[in-house]
Every structure is written in structure tokens, then in C-alpha cells.
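Structure assessment
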Amino acid sequence: MNQCDRFGVSEEQLRALVAEGLRAGGDWCDLYFEDTSYHDLLLRDGVVGSGGYHVDYGCGIRVLKGEKTGYAYAETTDFPSLRNAAIAAGSIAATAGEAETAVGSENRSRPRLRKREGPVCASKGRGPAQQDVFRPKLPWSGAAVDTYYQELKAWEDAETAGFIPFLKRIEAGIRARDSRVLKVVAILSYSVSDILMFNSLGELTTDHRPLGSISVQVIFQQGKRTENNTVSRSLRMGAEFISDAVLEDLVARAVEGMDARFEARRPKGGQMPVVMGAGASGILLHEAMGHAFEADFNRKGQSIFSDRMGQRICRPGINILDDATVPASRGACNYDDEGVPGQKTYMVTDGVLTSYLHDRISAGFYGVAPTGNGRRESFRYNPIPRMRATYMESGPDGTKEDLIASVKRGIYVDQFANGQVKIGEGDFTFFVKSGFLIEGGRLTMPVKDINIIGNGPQALADIQAVAGDLRIDEGTWTCGKEQSVAVSCGIPSVLIGNLTVGGE
Amino acid sequence: MITDKELNFVRKALDMAVRAGAQHARATLSLSEEDLVATLDGEVDRVTHCADRSLSLALFVDGRYGSYSTNKLDAASLEGFIARAVAATRMVAPDPLRVLPDPARCCQDALTGNELGLVDPAREKVTPADRQNTALSASVLASLHGSQPRQTSGCAGPLPLLAQTGPSLLQSRGRLWSGEAAADSATPTEAKYEIISEEGEYSDSVYDTVVMDTNGVCCRHSETSFDYGVEITIESDGEKYSGYWWDASSRLAELDAPACGRQALARAVGQIGSEPAPSGRYTAVIDAEMASKLVSPILRALSGYAIQQNNSFLMDSLGRQLFPEGLSIMDLPRIPGQTCSKYFDSEGVATVEAPIVEAGVVKQYFINSYMAGKLQMAPTVEDATRPKVLPWPVAGLDRDAILRRCGSGILVTDFNGGNSNPVTGDFSYGIEGYWFEDGKIVRPVSGMLMTGNFLTLWSRLLAAGDDARPCQTKLIPTLAFAEVDFSG
């Protein structure tokens, strides 16, 4: 279906809405149409006994005046409702008064239509500096097309009934591998979003975003003791996601490490070296530095990194990226939610801070090209700089085992639940579900359920070794900065010289 | 807000579900409208207008169950949506325990939605200009600079004093009372800082929801809300510190937005020079603003879903004394005029004033109709609506009084991340706050972790204050615990 038809709007109407949004003097107007259907099936107590689906449909209209934002949305796409939303959003121009104008008047009155439908390919790397993002000379104009997520088997065409035995096989597989299993809850959820974006440059962009996720929670009982484990897998793909490979992975990880979990104790708390295992330890990058590199925090002077562009912030050889181009990743974006193509952004290059993560507002402020990080939870929210898939490239310092062997007394961690950061102070935390003490270069006592706290710049500077085993985690990571957005993270095994570990 | 036409629409949706093959159904229509003005450094930065609507359906079809929602509410879309929902429900396994609640247990006295007096008609008269004035007049920076755009580098010094004496003292070196209490207590300390940024957000909203089912249940809840929150970031000696504060009320006249900026700044300034205290086992006083973090896990552990799945550290706790006599938690869902009071839960079941924990004894699980069948127990309500921790050992204690009773330890004013294990009750949280001695704040601490087990923690309860903030959903006062492990 043509996306304009899907939303019941014509290209003429799109132009008229933008003109309406800009009528009061705004510099920029964009429209974000969304049609999302979300489905879920729940297995509990051995039966798939409930399911559902949810429809979310509407259009968000944003008007910028300088760096100030007016935003409104409508849950219908009839023209009068959209026009009212455009007028409401456009009121920011009157509020902002004499704010600097960044776009020419010809764009305000008659935006040109440039259609960029379907799969795309971003220019890789960062765009040229000093680019005015409100002007039409965009670095990706005319780029070749590709896609970072495919839907080989459309979710809409898939037989929901076929998913029920799949969930049952997950439970059966888990129970077959561990006799201590008491309860299994498995949730399959999948969503498909069709997006249409149009802006005052006349750019019309569409995207089709599938996402499949499975979360499994298992309760184990050993004697009188009870423990739990939660595993998940989430990928931007079609119903081909329902596969034996995904099933095997979930089953294996659901029971993995449970012997140690039952033996685990709280360590003695305090400051110590921490070896972070490859994969989910990427939460370190997300919390300790990723948020602090989001350009809105820097534009407002709030980030601890706001005056460190171009400076060395960690040892040479370390590269940290935020990447929209990881195929099928939760963080993959053909386009961000401002219509900027997905791309790979090096935040730290050879140990030097080289880029923040920009939406159009911050890119305009800094005079650089947007990096494709303008993302939003839904049409109900205005886009802001957000991460996608954040990871560190592999390093030269051998293997995870080498890093562990280099620590006399410390801790090794590899499974996490959540994290948080205070942007100004740079203090970050992440909650460790499981790990081990390191004593004399060997893993000894298992540990669990501890929080670790550190300071972003200090932790970056204190990365002492990076192994060559980068892995990007495929769990259901969701970032909650004002809005919930799907992301992913990854890291090779790293050794940080000193973090504070919670304990007794 | 919900019109008679929309009420009829909900009834029609139920009829459509029955015609499509459902034996029973519950429909919930929710409408909301919100206007928001965000400020950055004393100027308007963002204006948004939101109007949401959603129809949720719980369908009971041939002994099977499904839940669905949509915001496409035109008749043609809805008919197709419901037909598809009924078909989807038929694909899942039968579950005879899925039933509508007994109508006798359902709410009968929420007819207009405003029985609790939570709708302030003043919202209808609030203009866009009023919103901007409220947001700007609450701004600390706007109050310093009047209508002039600010230069952050020009703002130095202790605002609580400046606010009283005017901007002429902007360049002076400041003297500020340490800690949140600012000028009303504690020891004065030198503090020189710049305000780096101030982000404020004012919003007013109205929410209206109606729950109907095929057993004839119909109950409605309406509530206005006026909110203001502000985060201020300051810099001192090259280090940044941030402070956040907020207020909310269902009545516009009760919103104290200007106080939020002063409090946020005081919280930021109070952290200047903070560093971890040595690791150790100390008395912990948890500020009322943050104390719900230690009560919410108890409420989650008493949920029927958690109990039924053995995913609770309070298994088999009903009727048992697992907490000290000093802990009593009441659910007070029906107090008129109090934000978040509500006459019914999501099933339409009437809420009741009831003890959750009484003198340390667990008195209630939260059991909805489905979990009642699963657990073979009598149903209660789906969740606590407005839980309140009662004062102990005496009424009337506030934070300062509790600090004096405790002598020395760590006052926790903010949590930074962390989590807990629902099965074991083990927790570990990042914290910041103050070291206190002889009942007085001595110095700020940050970068620390507070680690333990909820049952052990609560067994060491020293005091529960009488100072819960009424704007919060959970009425949790300042709490004090003995012998808590801190790592720094």
C-alpha cells in the first residue's frame, strides 16, 4: 500500500500542513505519521492462555523556531484534525519571538516534494562539518539504497496459531534441561510500524519497521531455595524470527549458570578492578558515556563531556560507536525519526571524543550534520537525541581469560538487569545479575544481585585492557530517557581498573 | 470530558463484541488531554498539546481470553478490529479461570467520575499565556533576570539568598546552608557555583476513564492534574551537580511551582564537594521523596501474579508477622480530594480502605478475579491504590526529628540506579545524600551503594515519619533503618 494512501493523505495535503505549521513564523516543520500494530502471546503454567494486539495510529507535527519546539499530534489523520495540530505546534513561533531563523522563506511557503520511499542506505560515517541541517544540501542525497532490517516472512501474514507450539517448545526445552524448573513464563511479542515522514524541505520518507521479541522468565527451586532467571532475544525482522536457532539460544541461556546462581553470595563491597564480559556489558557504554554524548545534554551544558570535544578521554586504540547499521539489531534504523538516514557514528576515535549524537536541533546548534539519532517512542513524542546500537570495537589485549588472569582481586560480571546515569555528575550504575569474584587471576565465588557504581570520565580513562571478542547483545534493551526507545549495546571484554561494587 | 455519545459508543463496542462471538467482555475508554510548557534557562523551549484516546477490550470467547486496544475509534475500523480480536482470542488455549469479576464486588458509586472531587474546573480557564506565565514565573533564572534572556556565566552565588535580596548580589561569593533544608537548619558552608542550566516543565492535564462490562458494571473516574518539575545543573570547581524537584496536585491553586526551583537548586548546591564515605554499616535515613523505593518491592511481592508464580520474597506470608511491629501500611484509596484516590481498579472492582501490613503482619495479597481462581483464594483488588506507611514509633516526626533521634549515619536523598531480586528480596542501589552527626548534616556523600535484603532491612526499622508528600501516589514518609551496608 502506498504510505500516503495508508494514512489517507495526499502529497498536496502534506505540503499544506507544513505550510500551516510554519504560518506563524516557524523555521522548520515536520510530520510523522505512524501506524503500529503490536501483538503478544503469553505462556504461563504450561498453556498459551492469553494474547492480544494493540493498534496505535496517528500523526505528530513539530514546528521549530530556532532551537525551540512546538509539538502536537492527532490520533486521526483527517485533514481538519491534522490542521489543528499543525496550528497548535506552530504556536511556538509566536512564543519564541525573535529567535534566529535557519531556513529560507521559500521553504516555508512551498516545500518541494522529494520522495525517498522504501529501503535506504545511509552514508557511512559522519557527515561534513558546518552543515546547516535545515538546508537541503544533505550528505545522503542520492545515496544508494539498502535496508538494515528485512521482513522475509511478513508478521501480518503469519499464522498466529503457529506461534503457540513454539512457545510450548521453549518451555519443554527448558524443563528438559533442568529438573529444578518450577515455573516458566514466556512472552512472544511482535510489532510492525509503518512510518511516513515529511518535512519543510519537501523530503518524504517512509519506513517499515518490524520487531520481534521473546522474553522468558524461569523460576527454579532447589530444596527450600528459589532463584529466577530471565533471558530475552529481540531482532528487527519478520516472522522468520520464530526459528529453531532462537529457541535453542533462549533455552540454553535460560538454564545456564544456575548452579552458580544458587551458590552465589554477596561479595565484600568496595572499590576494585572489574572485568566486564563481552556483550551485555555494553550497558557500561550506554550509561557511562553514551548518554553523556547525546548532544542535547551537551547543548544545554549539562553533560560532564560538554566541553571535551576533540580531547583525549581514554587510551589510544579505543573506538566507541553508535551504529544504526547493525543488521536486524533493535537499534537498527533505516532512517531516524526525523528522516535522517541511519548511519554509523564514531563517538570516540582512537581514544579521542570526536562526535556527539545529534538530532537536527543539536546539529544545527553545533553546525554539523545530524547523525541520525533523532528518535522518538511514537508519534506522541517529539524526537530527541537517542542511542541506537552502542558498542566498542574489539581491542588488542587478547582474550577474556587474559584479562581475568591479570587481576589479583576483583570481580567479573557478565549479566545485567538495568542501569542509570546522572548526566551532570557522570555517576553511572548498573545492576549485575551474575558474575564471579576474581582471586589470584581465577574466577572463584559466584556473586549476584549487586549494583556497581562509577564515574563516566574516570571509568573511560581507567579502561586498562580491551579484548578482541566484541559481541553485540540481542536482548530486549529499552532506553528510558523521557521516552522508551528500543536500543542495543555491545562490547568486547574489558578491564576497568577501579569501580565501586556493592556488597556487605 | 467523556460525553454521553462516547458512553454509548462504549456500550456499542460491548454489543459488537458479543455479536462477534464473545460471551463476555469488558471495555475501558480512556480520554486525556495535556498541555505542556517546557522552559530552558528561563525561556520557553517547548510547547506541546496532547489529546489521547484509547479503547481497551478484554474478551472472553468460548472459555478463552484476550486483551486488545486501539485508538482507531471510527465505527468501521472498530467493527473490523473487534472481529479480528474475537478470532485471535479463539486461537489461544481455553482457560476457565478467566472470568469477569462478580458484579457484587464492583464499584457502584462512581457514576459521574468526579465523586472524589479530583476535577478542578480551573483547568478549563487556563490559557496558553497562563501556562507560559506559570512556567516562567517558576523559573529560578527567569526570576533573577526578569524578562532578559540570561547568560549562564553571569549567574553565580546562592540563589536562596539572592531570591530574597535581588540580582544585585549576583557576582558575590555565596554563603549557602548545606543540605536541602537550606536556610532553615544545618551548618552554613562556603559554596561558589554557577548555574549551568535550568530545565523546567509545567503541564496541566485532564484524564477521564470509564469501565463497562457485559455484567452491567459501569464506573467512571475523572481527574485533573497540575504538575511542575525542574532540574538545575550547577558547576563548582570544575565539577557539575544537578538537583531535581517537583510538585503536583489535582488543583491548580495547590501547585507550588516556584518552590520547586528553589528546592532543586538547594539540592544541587548541597552536593557540592560530595564524595563517598568509607564503606561501612551505618544508620540509614531515607528522605520521604525517595522512600517509596523501599516500599514498592513489598507491594509487588504481595501481588497475586508474583505469589502464583513463586516470584516473590513474600511467599506464604499472609497472616504472618514478617515485618517489625513498627511497620503498618494502609491502603487509603477513597479519600476525597487526594491525588490518585480512585473508587475502582482496572476490573471495575470497588476499592476499599484496608490494611496491607498491620503491626508487621501481612494482611493482604492483591488478587484479581483471575488470580483468585489460580490461587484458590478470595479476590481482593488488583493493586494498592494509595498505600500509606503509618508513623512509628510516634506521630508527627519529620526528617529533622528523625535525624535527631538517629544521631549519626547517612541521609539518603536520591537513588542512582540499582534493582532488587523479586525472589530473594536482595537489593543494591546507588545513593547520594549526606553524612549526619549528632542529628545534623555534616557533609554531602555520593558515589555510594546501599546493599541488603528487604526483610533484614525492615526488621531494623528505627522510625517512620509523618511527612509523606501528598503529591506522591504512595504516601511514604521519611524512614530510618539501623545497620545498613554502604559501599563507597
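What counts and what doesn't
- Residues numbered from 1 in each chain as written.
- Chains lettered and ligands numbered in written order.
- Predicted model: local features only at pLDDT ≥ 70, side-chain atom pairs only at ≥ 80, totals over all residues.
- Contact = placed C-beta atoms within 7 Å.
- Helix = DSSP H or I, 4+ residues; strand = E, 2+ residues; numbered from the N terminus.
- Nonpolar A, V, L, I, M, F, W, Y, C, P; charged D, E, K, R; others polar.
- Pairing = 2+ DSSP bridges.
- Domains from an automatic or database assignment.
- Buried ≥ 20, exposed ≤ 12 C-beta atoms within 10 Å, placed from the backbone.
- Core = buried A, V, L, I, M, F, W, Y, C linked by C-beta atoms within 7 Å.

**Looking at the interface of chain A and chain B**
- Contact with chain A, which involves 62 residues of that partner, is made by 56 residues of chain B.
- A total of twelve residues in the side of chain A that touches chain B trace back to one element, the largest contributor, which is strand E2 (residues 47-65) of chain A.
- Residues of the side of chain A that touches chain B, tallied by class, amount to 22 nonpolar, 27 polar and 13 charged.
- Where E2(A) and strand E3 (residues 64-70) of chain B come together, six bridges link them in parallel fashion.

**Details of the domain arrangement of chain B**
Residue and element names in this part refer to chain B.
- Examined at the domain level, chain B breaks down into domain 1 (4-33 + 50-105), domain 2 (121-269) and domain 3 (280-487).
- Counting residues per element, the ones that place at least two in the side of domain 1 that touches domain 2 are helix H1 (4-20) and strand E1 (24-40).
- At ten residues, E1 tops the list of elements feeding residues into the side of domain 1 that touches domain 2.
- A breakdown of the residues in the side of domain 1 that touches domain 2 according to their chemical character gives ten nonpolar, four polar and three charged.

**Focus: helix H8 (residues 283-293) of chain A**
- Most of H8(A) is tucked away: eleven of the eleven residues are buried.
- Of all the residues in H8(A), the buried ones are Ile283(A), Leu284(A), Leu285(A), His286(A), Glu287(A), Ala288(A), Met289(A), Gly290(A), His291(A), Ala292(A) and Phe293(A).

**Focus: the nonpolar core**
- In terms of nonpolar packing, the biggest core is built from 213 residues, with Leu57(B), Leu59(B) and Ala284(B) touching the most fellow members.
- Those residues within four positions of Leu57(B) in sequence are excluded, and the remaining contacts are Ala13(B), Ala17(B), Ala25(B), Ala27(B), Tyr68(B), Ile82(B) and Ala85(B).
- In terms of nonpolar packing, the next biggest core, distinct from the first, is built from 62 residues, Tyr71(A), Phe198(A), Ile196(B) and Trp245(B) among them.

**Observations concerning the sheet that holds strand E11 (residues 352-353) of chain A**
All names here are of chain A.
- Strands sit in the order E11-E10-E9-E14-E23-E20 across an open sheet of six strands; the sheet is mixed. What marks the edges here is a single partner per strand, and that holds for E11 and strand E20 (471-472).
- Pairing between E20 and strand E23 (residues 488-491): two bridges, direction antiparallel. If you follow Arg-471 over to E23, its bridge partner there is Ile-491.

**Overview of the pairing of strand E18 (residues 450-455) of chain A**
All names here are of chain A.
- With six of its six residues buried, E18 lies for the most part within the structure.
- Here E18 shows no split at all, with Ile-450, Ile-452 and Gly-454 on one side and Asn-451, Ile-453 and Asn-455 on the other all buried.
- Alignment of strand E16 (residues 427-439) against E18, held across six bridges, turns out to be antiparallel. Across the sheet, Val-432 pairs through a bridge with Ile-450, a residue of E18.
- As judged from the two bridges shared by E18 and strand E24 (residues 494-501), these two strands associate in the antiparallel manner. Each residue of the ladder has a partner; that of Ile-453, found in E24, is Thr-500.

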